[in-house]
Amino acid sequence: RYLSLLAGFPMCQVDEDYHDELERAGAPSVSKQCVKCKEATAAVVIRVGDTFCRGCFKEYFIHKFRAMLGKNRIIFPGEKVLLAVSGGPSSCSMLSQVQEGLSQNAHKKLRFSPGIVFIDEGGAVGQSAEERRRTAAELEAVFKATGFPFHIVPLEKVLDLPSKVLMAAPSPSEQPAGAYKTAVGHFLQSSSSSSSCVTQQEEKESSLPDVQESSTPLLQRLMASVETLTAREDLLSTLRQHLLVHTARSEGYSKLMLGDSCTRLAVKLLSSISLGRGAQLAQDTGFSDSRFGDVTLVRPMRDYSAKEIAFYNRLFSVPSVSIPSLDTKAPEKASIQRLTESFVIKLQADFPSTVSTIYRSVPNLPELNRTFYNPRPCCSVCAYTSFNGVFWVRTCDEQAAVRYRAPETADVRTLLCYSCQLTIKDMVSQSPCTAAGSALLFPKSTQEEKRKHVLVQVCCPLFRELVEK
Amino acid sequence: MPVLCSSCVDKRAVLKRPKTGHSLCKECFFWAFEEEVHQTIVAAELFKRWEKVGIAASGGKDSTVLAHVMKLLNQRYDYGLELMLLSVDEGITGYRDDSLETVKRNQQQYELPLKIVSYEELYGWTMDAIVSQVGLKNNCTFCGVFRRQALDRGAIMLKVDKICTGHNADDVAETVLMNVLRGDIARLRRCTTISTASEGDGVVPRCKPLKYAYEKEIVLYAYFKKLDYFSTECIYSPNAYRGHARTLLKDLESVRPSSIMDVIHSGENLSVRDGVKMPVQGTCGRCGYISSQALCKACVLLEGLNRGLPRLGIGKHHRLHDKILSQQPLSEREERKLKSVDF
Ligand SMILES: [Zn+2]
Ligand SMILES: [Zn+2]
Ligand SMILES: [Zn+2]
Ligand SMILES: [Zn+2]
Ligand SMILES: [Zn+2]
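Bear in mind that the values here come from a model prediction, so they are computed numbers and not experimental data.

The rules behind the values
Residues numbered from 1 in each chain as written. Chains lettered and ligands numbered in written order. Predicted model: local features only at pLDDT ≥ 70, side-chain atom pairs only at ≥ 80, totals over all residues. Heavy atoms only, no water. Helix = DSSP H or I, 4+ residues; strand = E, 2+ residues; numbered from the N terminus. Expected span 1.5 Å × (residues − 1). Buried < 20%, exposed > 50% of the residue type's maximum accessible area, 1.4 Å probe, protein only. Pairing = 2+ DSSP bridges. Right-handed = clockwise from strand over helix to strand, strands pointing away. Salt bridge = Lys/Arg side-chain N within 4 Å of Asp/Glu carboxyl O. Contact = heavy atoms within 4.5 Å. Axes fitted to C-alpha atoms, helices over the stretch in contact; angles between N-to-C directions. Polar contact = N/O pair within 3.5 Å; in protein donor to acceptor, adjacent residues only side chain to side chain. Phe/Tyr/Trp six-rings, centres within 6.5 Å; stacked < 30°, edge-to-face > 60°. Parallel < 35°, antiparallel > 145°, perpendicular 65-115°, else oblique. Left-handed = near helix turned anticlockwise from the far one by under 90°. Nonpolar A, V, L, I, M, F, W, Y, C, P; charged D, E, K, R; others polar.

A. Local environment of helix α2 (residues 61–76) of chain B. Residue and element names in this part refer to chain B. The end-to-end C-alpha distance of α2, which contains 16 residues, comes to 22 Å, matching closely the 22 Å that a straight helix rising 1.5 Å per residue would cover. Most of α2 is tucked away, with 14 of its 16 residues classed as buried. In the segment just after α2, D78 is the residue with positive phi, at about 50°.

B. Here's a closer look at helix α9 (residues 215–224) of chain B. When we look at burial in α9 of chain B, the residues that qualify are E215, E217, I218, Y221, A222 and F224 of chain B. Positive backbone phi, at 55°, marks K226 of chain B, one or two positions downstream of α9 of chain B.

C. Quick look at the pairing of strand β3 (residues 80–84) of chain A. All names here are of chain A. Here β3 lies mainly inside the structure; four of its five residues are buried. Note that β3 and strand β4 (residues 113–120) share five bridges and pair parallel. Directly across from L82, in β4, lies its bridge partner G115. Crossover connection from β3 via helix α3 (residues 89–102) to parallel β4: handedness right-handed.

D. Quick look at the pattern of salt bridges. Residue and element names in this part refer to chain B. With the rule as written, the count across this model stands at 34 salt bridges over all chains. With its nearest N and O atoms 3.1 Å apart, the salt bridge here joins E36 to R17. With E36 in helix α1 (residues 26–43) and R17 in the loop between β1 (15–16) and β2 (23–24), the pair connects residues that are 19 residues apart, well separated along the chain. What makes E36 buried here is its relative accessible area of 9%. Across the pair K216 and E253 runs a salt bridge, and its minimum N-O distance is 3.5 Å.

E. Local environment of the sheet that holds strand β7 (residues 195–196) of chain B. All names here are of chain B. Taking strand neighbours across the sheet as the criterion, the six strands line up as β5-β4-β3-β6-β8-β7 in an open arrangement whose pairing is mixed. With one partner strand each, in any of the chains shown, β5 (114–118) and β7 form the two edges of the open sheet. Pairing between β7 and strand β8 (residues 206–207): two bridges, direction antiparallel. Residue pairing for β8: T196 is matched across the bridge by R206. Sitting on the sheet, α2 touches β3 (52–56), β4 (82–89) and β6 (162–164), and the angle it makes with β3 is about 155°.

F. Structural context of the side chain of H22 of chain B. All names here are of chain B. Its location among the elements puts H22 in the loop between β1 and β2. Under the relative-accessibility criterion, H22 is labelled buried at 19%. A polar side-chain atom of H22 sits 2.8 Å from a polar atom in the side chain of T20.

G. Expanded view of the packing of aromatic side chains. Scanning all chains against the criterion turns up 17 aromatic pairs over all chains. Taking 6.3 Å as the distance between ring centres and 45° as the angle between the ring planes, the aromatic pair formed by F29 of chain B and F30 of chain B counts as tilted. Comparing F29 of chain B with F30 of chain B shows no difference in burial state: the two are buried. Among the aromatic residues, those joined into a ring-pair cluster are F52, F57, Y60, F61, Y304, Y312 and F316 of chain A.

H. Fine view of the packing of α2 of chain B against α9 of chain B. All names here are of chain B. With their axes 10 Å apart at the nearest point, α2 and α9 run at an angle of 70° to one another. On the basis of their axis angle, the class for α2 and α9 is roughly perpendicular. The hand of the α2/α9 crossing is left-handed. Contact residues: α2 offers K61, D62, V65, H68, V69 and L72, while α9 offers E215, I218, V219, Y221 and A222. For the contact of α2 with α9, the per-class residue count stands at seven nonpolar, one polar and three charged.

Scope: geometric values only; no functional claims are made or implied.
Structure follows, in structure tokens:
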């Protein structure tokens, strides 16, 4: 009877002892009591068996944020920290945690000096000027309420970024062991004279973004020159990151806080692997990322699930603003990023341990040495820095699949990482945006000639056209 | 107007290469496919001259193409290898008879010696008999574990230096994704290695010459070469992770065909922080095969089968290994737990 079913299995590959079953979503817990105080009625069910009352949930949520920062000891007292707020639930929740932590009645007060940055991507995702103004105004109201200095920066600004954004600048000091302690000492001394680091801040507000009329079409043409949504999303996230780092750098912030939740990071991990970015997983998903040298990226929300954040925001009225993205309303298979996202979300609905299991891999990745700004190869587009000094080169000719190591000599192709080579490959030839694209990716610098060369070799006809002019 | 082959610009293109999107004629496709396998073999230095190499042959498309290409490249590039086919007879009525017939025909077509090792002679159990005891739900545990050892034992009988298997790019990429879904970074890194050195006595080094060959191209190659293979699709029913990984990979490939290579590239270049612990390999106290436990998985499974306690090998019962080794009786509670099986 089971012969038909059996027909396949002798071909099975060895699964060794992989036979751990996925755990299905269980029936909702019937417990009505808070597991922590065992008194109050539960208001939140995070997982089966994890039910919290309102008060205990708040305490748990806040503690987790402090613990994450405390454990990693990467943000120094008095340091200027820029919070990247996209308007989404996670980054808005991060903003509220920082506010909470800096408030006078906070149990263990945070001791850094925050600012906010919002990148207005409306020009790249096709919002009208009116829509963009409305979004910015909405966010401005949220930001003003915090009393923190804030910067609303249109993505168009990336088009006139100086070339050095791509180059990792040296970090201010090597930060030897004990530096954290010393900084705490300095901070305690200085803060006894001034009242609080928040009131110290000047009322420095950026007004609504002033977009140059001409730069929006340029940005749109650049985005349109990318044939696939996969590459477009990849390019947009690179542009966003450059602009965030640039804003932090030019405004004197040494840390940039990103609001990635563990759900987000699980998706990112899977999509990075699918995009050939496996080598840079540690930088892309770890707690901190120091590839830019003087500005370190930090992800303090990485232990919260999207669900926890949604609960918190709703219970404690944390405002967030919904903003369209490139793949809003796009079908599931429109891009690799969209596909991996819907895959993880669907699997998570059936198997609640999905995100935490994928995410479990993240802490096992190595960290990049903090002081790495020496001449290690660094991708000209995404600033990924190779661990072992090796860049893989894809060839786009008949043998697209034969990959080989770049030779030891400074092969120009080593200026792009494997994954960015894929993105550039998806740019179309007959695009009028060459000027914008080249200015962006290949700014005027001593290496310009070399870079032009890269493009010819990486066979992006778009840029080849430009080079031949 | 017919599309011309983009490589020779002479003959008519008959296919679009799934890997590159290029339109090629039959001959140019064969050449590209074979050259890529050759490049893989050369770049990774998979073989040494005069080595005796066993090709794991199941009669399926992967191993049939592997046998064909290995034979061909061995001649074209004078590898100087002594090739032979190595097959495992799991003992499944109907299915296995047909696929073994295929292997036997392959043996004559390729004029290669063939060795068939059977579960029955190695373990005293055929897969049919195992299934009737453990049920369909858990058969994969058995076939995976037994198969691995059976190949090694067959290889030792034939005195081969290396086994090459028909794992293709899709298999490798799928395993990478599966290990991501399982949160297993240590295995993730290891599963992309193209060859494994001998891990101990009784284990023969293995390699995957088709590691970068797309499944779709293997099918096309077999089709246009009119290769004789037994068409069957494996259903990895008991492993939920592999099923999900497979679905995801197929979808990724449809969005961006290079995804399969990109996933493998990611796996290969993943840097794992030192100190990610891999299970320490020892040897089995009963048969001497490598094992991280006191008893190897095959011996535990066999013990379970022979004692009528099929659950012994399924799930984690490491604490019982010492008892089994010293032939102590199990308690009534232990016995009861190991008897029940879901069919
Ligand atoms: Zn409570
Ligand atoms: Zn890059
Ligand atoms: Zn041709
Ligand atoms: Zn199986
Ligand atoms: Zn054993």
